[in-house]
Each structure stands twice: as C-alpha cells, then as structure tokens.
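The primary structure of each chain is shown beneath.
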Amino acid sequence: MKKLFAMFLALAMALTMMSFASADDVTINFWYWADNDAYSQTMQEMIADFNATNGKGITVVGQEYPWDGGGYSQNLLTAALGGGAPDVSTFKLTATPSFTNNNLLANLDDLIANWEDKDQINENLYTTMKKASGTDSIYVMPWNTQVLYVYYRPSMFAEAGVSVPTTYEEFLDICAKLTRDTDGDGKTDVYGFGMRGSNGGQEPWGCFLYAGGGDFEHMDSEGAIKGMQDYIDLYKNGYAPETAPNDGFSQVIDNFKSGLTAMTIHHIGSSAQMMELFGDDVDAFIFPQGVGRWTSMGDTETVMFDSCQNKEAAFEWMAYLATGKGQETWCTVTGNVPVAARVQALPQFQENRFMKVSIEGSPVAGILPVLDTTTQWIADWPATIQKALLGETTAEECMKTLQAAMWEE
Amino acid sequence: MELKSRRKRFNIYPYLLLAPALIIMLSVVIVPIFNAFNMSFMNYNLTRPNKMGYNNFGNYVKMLNDSDFTGALWRTVVWVVFGVGGQFLFGFMLALILNKYFRGRGVARAVSLIPWVTPGVLIALMWSWMFDGNYGVINDLLMKLHLIDDKIAYLARKDTAMPSVIITIIWQGIPFFALMILAGLQGIPGDLYEAAAIDGATGIQKLFYVTIPSLRNTIFVTTMLRVIWVANSVDVIFNMTNGGPANSTQTLAVYVYKKASSLDMGYASAMAIALMLVLLVAAIPYLKSTFAEKGA
C-alpha cells in the first residue's frame, strides 16, 4: 500500500512539474515579410536573440512570407478568416478595417496601459493607430516608419544651376530646368522628375495633391484638381520619362540610379543603395510647401490576433520589436525611422542625413484615410491616374473618380 | 436464381476504386464552382463583412453597366484571336521546318521547347526588359537599324502595350503548337505525298491538299485547348503591365484576378462565371468532337 501511495505521489509530482513546464514554455507563431535577404537574416537573428534572452520561456517561431505588392495583407486576412491566423504578424495600417470589421485583432488597450515602455512611443502614433481602427482602442502596435522624401543629385542641380526648392512652385520650376539634352542630339537625356504612375504611386502623388491645395477628404476640390493638373503637366511637358504611367517602384529607382532622372520620391529604405552608388552625390529634401504640405508616412506595425492563446507572451515579443533590442537592430539594418524615443536618440540615427530628413518630415507625414474602400481605391489608383496622364480623362474627371471611389458608398 | 444473378450484377468494388477520384473531383472542382456560383449572387467583399448578403443579380447587372468589364471582354477577344492565331501560324511554320531533316535537327527540336518550359512570370520579366522604353534591347536594335528615331515606351502607351503582350504570349505558345503539329505531321503517310507528286502537285498544293486536311483534327484540338488556356492566362499580362496603361491590356481574367485580389469576391465570381460561359461556348465544338469520337 505504501509502495502504491509512493508511486501515486511520484506520478502526481511528475505531472505537476510537467504542467508547470508547459505553462511556462509558450510558443508564439509570428508571421512577417522581409524585403530582401539581409532583412530576412536580421529578423531570424532577432527571433533567436529574443528566444535566448526573454527569460520567460517564450519561443517565437517565425514564418516568412513575401510582401507581394500588398498581397501579404490579403493572404493574412484569408488565413485569419479561415482560422489559421498566427499569434502575431507584421502589418500595414491601411489593412486595419478589413481585420477589425471581422473582429480578428486583439484589443491592446490594457496591455499598453500596463506597459512600462508605453511613453517611449509618441502619443500621436497611438492616435493614428486608434483612427485606423475607427474606434477609441488600439489594435495595432507601432513598429517603424518610413517618411517619403525627394531624392536628388547635387551634381545635377549644380549643372542645371538650381538649388533645393523651398516652395512647390520652385519644385515644378526645377523639374523643367533639370530636364536636359546633355549630348546635344536633340533628345532628352535627363528628366527632372521620376514619376511613379503604376502600383504604389498614390503615396508620392499625395504630395502634389496637398501642395496644389487639396487633401484626401476633398479630392474633387479646386486645389486638388490643380495638383493633379500639375502632375499631368509634368508628364505631358516631358519632364518625366514617357514610361512613367507604367513605372513602379523598381523602375523609378533604377531610373534615378542610372541618371535618367534627377529627382524621385522614395523613403530611407533606398538610401543605402543610393549612397553606395553615388557617395556624397545624393541627398534628399522633404516635398516643399505649396498651398498645403503632406508626405506619406510608410508604416509597419505589428498586430496580435484575437485567437492568440498567450496574449501576454505575445505582447512581450511585440514590445521587444517596438521599444526593445529588436527596435534598434531592425531600424539600424533597414534604415527605417524608429518609433521609440530611446532608439531615435542613438548616434547612428542622429548622424544619418537621410534619417534627419525623415525626422524633419515627420510632422507633415500622414497616411491615406483608412476606410473599407481604401484597398480597392489603391488597386484602382494606377488605372485612374494613367487615364489622365494619357489624355483619356481630364484632371477634374480623374479627381472626381478618385473622390467617389474613396468616399461614396 | 434470379436474386443470385442480381447480386452478381451489383458489385461495389469498382465504385470503391472510383471513390477517391470522385471525392477529390468533388472537393476541388465541383464544390469551388458551386461556391463561385453562390458568391456571384452576393455582396461578398471581405473588407466589408457587415454588408455581406445576397443581392440576387446585382453583380451581373453591375457587370453589364461596367465599362471596365465590357472593355476587358473585348480585349480578351483580341488577346485570344491574335495570341492563339500567332502561336498557330508560327508553330505551324516551326513544325514544318523541324519535320525536315537537317544537321542539328535534334538540338533545334530541343531548343525550340525552351519558351514552353519557361515559367510565365519569367517570360513576362524577360520581355518587360526587352520592351523597356528606356533601356530595352528592342529599342536599341530598331534605332541601330534606323527603323525608329526615338525610343518607344512600348508598355506605357495604349497603342503599343497590347501588341507587346500579345507578342510575348505568341513566343510562349509557339512550341506547343509546333510539338503537336510535328507529331501530326509524322503520322501522315508518305504515299499521300507520293501520289500528289505523281499528280503533279506543287509544294503549296501539297500543303493545302494533303498536309492541312490530314492535320485537321490536331489543329482543331490544339487550337481549342490554347484558346481556353490563353483566355484564362493572367501571369504574362499581370507581370508586364498589370493590365495597364489605363486598362489597355486588362483582359477579363486579369480583371477577375485584380478584383479577387482586392477581396471583392462576389463581383469577381460573377465575372469569372461570365468568362466560364464564354469559354464554354467556345469549347462546345471541341466537346462535341471529343464525344463524337468516343461514340464512334
């Protein structure tokens, strides 16, 4: 009997220990995209670092997917609707309504309220996150941002006798002056502006919309139509390559790198390759003030899914990315703008000229309205703009179409 | 006795053997088609889950009033007629060449298959670079030959974008026609040509009175298959122009793909059903001939 009791006791102890162990060892499934091999490698190293150092038995299992021009968000939504959501995923703010409308995301209010690092992130960012969900709650955790600015070649500016524009009108003026026939064969060799008329072009185009006097809420206003007309005129007057309607990200960057264009709009993510190619002969400025001023804040966040069983453990990983070691590592490698004040103050960020421009642009940086029509609006933007660039529609017709697509039910 | 023979007649074994294939067919073909039919009568936009529900024929009515849809339908016809037509023409010519004996014919036959075995996305990228308006080799060659004075932005102009993607799909599909027709050519008895020669037929007459009539079934079946494949093809156009500029290369399949990608599944399903019906009409002669042959 004693033997039996001892065996029972030992078994009970073993089971208790096992249950403690399983309660402590938590696995968090994490989905992310990486734009290149270096980013992929960095993320894997960050996951390994977190797993080794968190001291709470949390194991993050990373699963990488391609960004696929935004296809990532759609695949994530499809997976979540089908019951296959990860615990945590990297995220774009514009996708928020699709997820919150389907009640897929975890409310982070309490976790953030009790988080010791919550003040490291500017209150404005939390406000933007709340706006995206259309509620007073936070469902999306800030991670890093990229502010769009204008890349330019100082040597080309010197050759054309122009300086960095301080107003929108000056910007339009130098687009013309920088467009040049450099070898005297009667054909344009350098275009003033590298225009992006294909996928993703809505963000640089937004600078013209605001500078003309419009905004995303009133895209059919007189100012907005003027901004669109300026955009069309840049193309029709030959200050942008003829390929512009079909040019996407890689084309505008390649055109700038080859010297075909003197200016183009992108964020700090391209700065490393620009500096590698041009050294000091590349610099940047924030799109100048017109009637209004706006630039796009490219954003990357993380979200936790409501189906996550270990929300506190998942939040540990999100916090590591937002204000911890992960924030510093990721922003150092990618050159993205950190959201944590402590990391922003580090020398490697303060001494980078492109980072300085990004931080300078932050006060005027914003995002597209986050509505349930936004995904379709973004998908339809290239065709709508291309019709205007190619003379099929007027600036006014184009802007009325865009306004209706965004705001009409 | 009669009961015994009935029992003998009913044997479950063949049905069990067929069951796995039938279950797979049912789950991956029939159920999705049924789902697509069902969704085509619904507001089924995943970005607006609160507004989901049946709208009867709302999507079909919207389709008829959607100039992008009617434009895409017309461009699908152009895409298929010129794409498949070009593939047939050049495939036929290639098959005739490869049917002749010449030194290195084996290598030529193998090399001619390259476009067919190359993934569509890769083909699209390759041709995008060749058609590139700033750095493309096609502009470079034409300028060196003094055929054009200035570079042409082939993929950014409405008048050149569609011909560019059609040239690409023709290049991709030539080997399929060549291979099928070559197999057909090798099945034509030599004595038909001898008889034609004795009757004094010229090369052209042999082509039109012996070769083509003998290949009628091969040409018919191959063309039908390519019509269906090319009409449904998305990869080349999507990767070269994304349907642009200004929708000038947006075929129905590309439009459906883009709508589905932006999660408007209801409207995308309705258009997919429309495309299926159009292709069914085109496929009826093929199906008829297939079943007629089976019957014979």
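None of these values were measured; they are calculated from a predicted model.

Asks: Would you explain the overall build of chain A in this entry?
Replies: The helix and strand tally for chain A stands at 19 helices and 10 strands. Viewed in the frame of its principal axes, chain A has a C-alpha envelope of about 105 × 50 × 35 Å.

Asks: Hey, could you run me through the overall build of chain B in this one?
Replies: Within chain B, the secondary structure is distributed over 15 helices and 2 strands. Seen along its three principal axes, the alpha-carbon backbone of chain B occupies a region of about 70 × 65 × 30 Å. Contacts in chain B between residues far apart in sequence, at least 24 positions, make up 66% of those at least 6 positions apart.

Asks: What's the story with unusual backbone geometry in this structure? I'm lost.
Replies: Glycine aside, the phi torsion of most residues is negative, and most peptide linkages are trans. In the segment running from G244 of chain B into P245 of chain B, the intervening peptide bond is cis, with an omega of -5°. Inspection of the secondary structure assignment puts P245 of chain B in the loop between α13 (235-240) and α14 (252-261). Positive phi outside glycine occurs at N103 of chain A, with the angle close to 55°. Examined against the element boundaries, N103 of chain A turns out to sit in the loop between α4 (96-100) and α5 (109-113). For N103 of chain A, a count of 8 C-beta atoms within 10 Å gives the class exposed. Positioned with a positive phi, A246 of chain B is a non-glycine residue whose angle comes to about 55°. Structurally, A246 of chain B is set in the loop between α13 and α14.

Asks: For this particular structure, what's the right way to read the interface of chain A and chain B?
Replies: One frequent convention defines the size of an interface as the accessible area lost when the parts assemble. Each side of the interface is counted separately: chain A has 29 residues, and chain B has 23 residues. At the level of elements, α3 (71-81), α4 and α18 (374-389) of chain A are the ones that each hand at least two residues to the side of chain A that touches chain B. Of the residues forming the side of chain A that touches chain B, the biggest block, 7 residues, is contributed by α18 of chain A. Of the residues belonging to the side of chain A that touches chain B, the class tally is 11 nonpolar, 13 polar and 5 charged.

Asks: Quick question: what am I supposed to make of the sheet that holds strand β6 (residues 263-266) of chain A here?
Replies: Across a sheet, strands are paired by hydrogen bonds formed along the backbone, either parallel or antiparallel in direction. All names here are of chain A. Pairing is antiparallel across the open sheet formed by 3 strands, whose spatial order is β6-β5-β7. The outermost strands of the open sheet, each flanked by one partner alone, are β6 and β7 (283-285). For this sheet, the mean inter-axis angle between neighbouring strands, taken without regard to orientation, is 35°. Looking at chain direction, strand β5 (residues 149-152) and β7 are connected through 3 bridges and run antiparallel. Paired with V150 across the bridge in β7 is F285. Docked against the sheet, helix α17 (residues 353-361) engages β5 and β7, running at close to 5° with respect to β7.

Asks: How should I be thinking about the packing of helix α7 (residues 120-131) of chain B against helix α9 (residues 158-186) of chain B in this particular structure?
Replies: Residue and element names in this part refer to chain B. Running from N to C, α7 and α9 point in directions that differ by 135°, and their axes come no closer than 10 Å. Taken together, the axis directions place α7 and α9 in an arrangement best described as oblique. Between α7 and α9 lies a crossing of right-handed hand. Here G120, I123, A124, W127 and F131 of α7 lie close against α9, whose contacting residues are S164, T168 and Q172. Residue classes in the contact of α7 with α9 are distributed as 4 nonpolar, 4 polar and no charged.

Asks: Got a minute to help me understand helix α10 (residues 190-198) of chain B in this structure?
Replies: Quick reminder: α-helices carry 3.6 residues per turn. Residues three or four places apart thus point the same way. Judged by how many residues are buried, α10 of chain B sits mostly at the surface: 0 of 9 residues are covered. Following α10 of chain B by one or two positions, G200 of chain B adopts a phi angle in the positive range, close to 85°.

Asks: Explanation requested: the environment of L178 of chain A in the structure shown.
Replies: All names here are of chain A. As for its placement among the helices and strands, L178 is situated in helix α8 (residues 168-178). The exposure class of L178 is buried, given the 23 C-beta atoms found within 10 Å. Among all residues touching L178, those that are not within four sequence positions of it are M156, A160, V162, V190, G192, A262 and M263.

Asks: In this structure, what is going on with the nonpolar core? I would like to understand it.
Replies: Generally speaking, nonpolar side chains in soluble globular proteins are found buried as a group. M304, W317 and M318 of chain A together with M271 of chain B are the most contacted members of the largest nonpolar core, which totals 175 residues. Examining the composition of this core, we find that 12 residues originate from one element, α9 of chain B, more than from any other. Both of domain 1 (22-145 + 298-359) and domain 2 (149-286 + 371-407) of chain A provide at least three residues apiece to this core. Beyond its immediate chain neighbours, meaning those up to four positions away, M304 of chain A contacts D87, V88, L105, A106, L108, K311, A314, F315 and M318 of chain A.

Asks: Would you mind showing me how to read the pairing of strand β1 (residues 26-33) of chain A here?
Replies: Looking along a regular strand, one sees the side chains alternate between the two faces of the sheet. Residue and element names in this part refer to chain A. Where β1 meets strand β2 (residues 58-65), 8 bridges bridge the pair, whose relative direction is parallel. From the neighbouring strand, T27 faces β2, where its bridge partner is T59. Read from β1 through helix α2 (residues 37-53) to β2, the crossover connection turns out right-handed.

Asks: How do you make sense of the domain arrangement of chain A when you look at a structure like this?
Replies: Residues and elements named next belong to chain A. When the domains of chain A are assigned, the result is domain 1 (22-145 + 298-359) and domain 2 (149-286 + 371-407). Summarising the inter-unit geometry, the C-alpha centres of domain 1 and domain 2 are found 31 Å apart. Facing 15 residues of domain 1, the contacting portion of domain 2 comprises 15 residues. Elements with a contribution of two residues or more to the side of domain 1 that touches domain 2: α4 and α17. Top contributing element to the side of domain 1 that touches domain 2 by residue count: α17, with 5 residues. Broken down by class, the residue content of the side of domain 1 that touches domain 2 amounts to 5 nonpolar, 9 polar and 1 charged.

The rules behind the values
Residues numbered from 1 in each chain as written. Chains lettered and ligands numbered in written order. Predicted model: local features only at pLDDT ≥ 70, side-chain atom pairs only at ≥ 80, totals over all residues. Helix = DSSP H or I, 4+ residues; strand = E, 2+ residues; numbered from the N terminus. Contact = placed C-beta atoms within 7 Å. Buried ≥ 20, exposed ≤ 12 C-beta atoms within 10 Å, placed from the backbone. Nonpolar A, V, L, I, M, F, W, Y, C, P; charged D, E, K, R; others polar. Pairing = 2+ DSSP bridges. Axes fitted to C-alpha atoms, helices over the stretch in contact; angles between N-to-C directions. Parallel < 35°, antiparallel > 145°, perpendicular 65-115°, else oblique. Left-handed = near helix turned anticlockwise from the far one by under 90°. Core = buried A, V, L, I, M, F, W, Y, C linked by C-beta atoms within 7 Å. Domains from an automatic or database assignment. Right-handed = clockwise from strand over helix to strand, strands pointing away.

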